[in-house]
Protein chains: 2
Amino acid sequence: MADRKAPIGVFDSGVGGLTVAREIMRQIPEERIVYFGDTARVPYGSKSRDTIIKYSRQIIRFLKTQGVKAIVVACNTASAVALEDVRKELDIPIIGVIKAGARTAAAATHNGRIGIIATETTINSKVYTHFLEELNPGLCVIGKACPLFVPLVEEGTFLKDPITEEIASRYLQELKEKQIDTLILGCTHYPLIRSTVGRVMGENVTLVNPAYETARELKALLIEEGIGNTSLQEGQEQTHTFYVSDATEKFQQFAESILPCSVKDTTQINIEEY
Amino acid sequence: MADRKAPIGVFDSGVGGLTVAREIMRQIPEERIVYFGDTARVPYGSKSRDTIIKYSRQIIRFLKTQGVKAIVVACNTASAVALEDVRKELDIPIIGVIKAGARTAAAATHNGRIGIIATETTINSKVYTHFLEELNPGLCVIGKACPLFVPLVEEGTFLKDPITEEIASRYLQELKEKQIDTLILGCTHYPLIRSTVGRVMGENVTLVNPAYETARELKALLIEEGIGNTSLQEGQEQTHTFYVSDATEKFQQFAESILPCSVKDTTQINIEEY
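Quick notes on the rules
Residues numbered from 1 in each chain as written. Chains lettered and ligands numbered in written order. Predicted model: local features only at pLDDT ≥ 70, side-chain atom pairs only at ≥ 80, totals over all residues. Heavy atoms only, no water. Helix = DSSP H or I, 4+ residues; strand = E, 2+ residues; numbered from the N terminus. Buried < 20%, exposed > 50% of the residue type's maximum accessible area, 1.4 Å probe, protein only. Contact = heavy atoms within 4.5 Å. Pairing = 2+ DSSP bridges. Axes fitted to C-alpha atoms, helices over the stretch in contact; angles between N-to-C directions. Phe/Tyr/Trp six-rings, centres within 6.5 Å; stacked < 30°, edge-to-face > 60°. Lys NZ or Arg CZ within 6 Å of the ring centre and 35° of its normal. Right-handed = clockwise from strand over helix to strand, strands pointing away. Buried area = accessible area lost by both parts, 1.4 Å probe. Salt bridge = Lys/Arg side-chain N within 4 Å of Asp/Glu carboxyl O. Nonpolar A, V, L, I, M, F, W, Y, C, P; charged D, E, K, R; others polar. Disulfide = S-S within 2.5 Å.

Caption draft 1: Spatial organisation of the environment of Lys5 of chain B. Residue and element names in this part refer to chain B. Inspection of the secondary structure assignment puts Lys5 in the segment before β1 (8–12). Take Lys5: its relative accessible area is 52%, and that puts it in the exposed class. Apart from the residues within four sequence positions on either side, Lys5 is in contact with Arg32, Asn229 and Ser231.

Caption draft 2: Highlighting the sheet that holds strand β5 (residues 113–118) of chain A. Residues and elements named next belong to chain A. Pairing is parallel across the open sheet formed by four strands, whose spatial order is β6-β5-β7-β8. Sheet topology places β6 (140–145) and β8 (206–208) at the edges, where each strand pairs with a single neighbour. Ignoring strand direction, the axes of neighbouring strands in this sheet form an average angle of 25°. Bridge count for β5 against β6 is six bridges, and the pairing is parallel. Bridged to Arg113 within β6 is Cys140. Contacts from helix α7 (residues 127–135) reach β5, β6 and β7 (182–185) within the one sheet, and its direction differs from that of β5 by about 155°. Contacting β5, β6 and β7, helix α9 (residues 162–177) crosses the sheet at an angle of about 170° to β6.

Caption draft 3: Layout of the packing of aromatic side chains. All names here are of chain A. Applying the stated criterion to the full structure yields 20 aromatic pairs over all chains. Among the aromatic residues, those joined into a ring-pair cluster are Phe36, Phe62, Tyr243 and Tyr274. For the cation-ring pair, Arg41 lies above Tyr55, with the distance from its terminal atom to the ring centre recorded as 3.6 Å.

Caption draft 4: Local environment of the sheet that holds strand β2 (residues 33–37) of chain B. All names here are of chain B. Taken in spatial order, the six strands make up an open sheet running β4-β3-β1-β2-β9-β10, and their pairing is parallel. Since the sheet does not close on itself, it has two edges, and those belong to β4 (94–95) and β10 (266–268), each with one partner. Pairing of strand β9 (residues 241–244) with β10 involves three bridges; the strand directions are parallel. In the strand pairing of β10, Tyr243 is matched with Thr267. In this fold helix α1 (residues 18–27) packs onto β1, β2, β3 (70–73) and β9, with an angle of close to 170° to the strand it touches most, β2.

Caption draft 5: Main features of the pairing of β1 of chain B. Residues and elements named next belong to chain B. Most of β1 is tucked away: five of the five residues are buried. Covered by surrounding structure in β1 are Ile8, Val10 and Asp12 together with Gly9 and Phe11, the residues of both alternating faces. As paired elements, β1 and β2 share five bridges and run parallel to each other. Among the inter-strand pairings, Phe11 is bridged to a residue of β2, identified as Phe36. Regarding topology, α1 serves as the crossover connection from β1 to the parallel β2, and that connection is right-handed. Across four bridges, β1 lies against β3 in parallel orientation. Following the sheet pairing, Val10 is matched in β3 by Val72.

Caption draft 6: Summary view of unusual backbone geometry. Residue and element names in this part refer to chain A. In this structure, Pro43 follows Val42 across a cis peptide bond, with omega equal to 0°. With respect to the helices and strands, Pro43 occurs in the loop between β2 (33–37) and α2 (49–65). Look at Lys126: it is not a glycine, yet its phi comes out positive at around 55°. Within the secondary structure, Lys126 sits in the loop between α6 (120–125) and α7.

Caption draft 7: Region of interest: the interface of chain A and chain B. Chain A puts 33 residues into the contact, and the matching count from chain B is 33 residues. For the pair chain A and chain B, the summed buried area comes to about 2400 Å², and 51% of that belongs to carbon and sulfur atoms. For chain A, the biggest contributors to the area lost against chain B are Leu148, Ile163 and Glu272 of chain A; these three give 22% of the whole. Our enumeration of links across chain A and chain B arrives at six salt bridges. As a salt-bridge pair, Glu120 of chain B and Lys250 of chain A come within 3.6 Å of each other at their nearest N and O atoms. Residue assignment for the side of chain A that touches chain B shows that the elements contributing at least two residues are α2, α8 (149–155) and α9 of chain A. Looking at the side of chain A that touches chain B element by element, the count peaks at six residues for α9 of chain A. Within the side of chain A that touches chain B, the residues separate by chemical class into 14 nonpolar, eight polar and 11 charged.

Caption draft 8: Fine view of the state of the cysteines. Scanning the entire structure with this criterion turns up zero disulfides over all chains. With no disulfide of its own, Cys140 of chain A lies closest to Cys146 of chain A among cysteine sulfurs, the gap being 17 Å. Not part of a disulfide, Cys75 of chain B finds its nearest cysteine sulfur in Cys187 of chain B, a span of 7.0 Å. Classification of Cys75 of chain B as buried rests on a relative accessible area of 4%.

Distances and angles like these do not, on their own, reveal function.
Next up, the structure:
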């Protein structure tokens, strides 16, 4: 039986997964998070399946040393290509972000035309398409890789900028032409440029951020497995812990701008040793 | 005594170093190259000094298993922060790209105002400024980090594009205002967007590509140490070997577009094991 007070492990290639961590903090404030951002090896989106499986295994081994009771893969690329392989090897629950995003989009669409923007590796995996067609074989699913979005977000100064809007217009043109009415932000970095994507797509297109639904799924899972934390006192706040594989300071600055909590306790570890 | 027929090791974080390999092939066609591109961990330019030193040590250990007689660090970031540390541990000659670029720029400037564009880590290291001031303390040196240039080049489809020109205009504005007459392309990816940078800066600014001077320096070094290859027959062509840490196919496609030789023999290795 898992310890109810044990933390939830959350990982991503970098800062993108913080958008999922933020949503977990909002919806399940009683849970303690141990976050790992693989800042030494970001981005994942252009890397091969085998490499991402290897990286995910190392990170999971590290999170296990922190005594986590469940793991959230807060990275679409890793969820798309590594989740099924690593789940088989694990004795604790693990969830990704893709099923949640697919479910929300399938429920939101009116005309049955759903777009997905994501990294190259996520799009090439066709995992979103697969889940969506499982939910409803009548859906028309159109994927588009946007490889510059992650560097644009990580760059920091281009978040609200005409250049980002111009690049978004270019990437999204095809999805507009195909008249989608629902667009999945299929990379955890993308909610950080949500307003730009929204402006380009127009107000008739619903943007789906899988973070919200992922946090809901996690909450349900904790209840189902009977492992939710019940010991936090009224008015008490959880303390979360952050680990990165490189450049602690840059991560902290970014994280402080996204999260409602302090990120001062960020520690750099050598992930290749795990 | 080193074997004259032994190859030259050349490495970079990804495809950028191919611009240096190309120049070595042109100037010293009798030499055989073993190239390593760290495509699993690209980009280096936003990573910390310690991480880049660790990665460089792993790569050098790998190149030594290939029997190289000399090493070229065809990456400005690694040259800036790792070269001096790894040189001490090596029993074969190793050169970077920064001294060569600094020398060429110092010789080219008329008004003594030199700009450098490079990654964040290279600019923050101030290594170019240090070398230039050593060559001529009267020089005025202005550095500018351009973190989006590497992803733009690696993206592939934006090489000749108004968006790249717009981003370049933004990054280069300050250097234009400061009236530099010489600009060092301080990242081996940048020669691939040389025409865009040239258009933005105007024809009165000399662009310095350290690759040319690095190949010259290597040639002189091989003669000085008596380790140049003398056994290639007239009309014979050298065969080069390529290794990457991920995504062989994408690297091959890119390399074929840059190099005058076949890149079919590209092998993926697990660099973390070295």
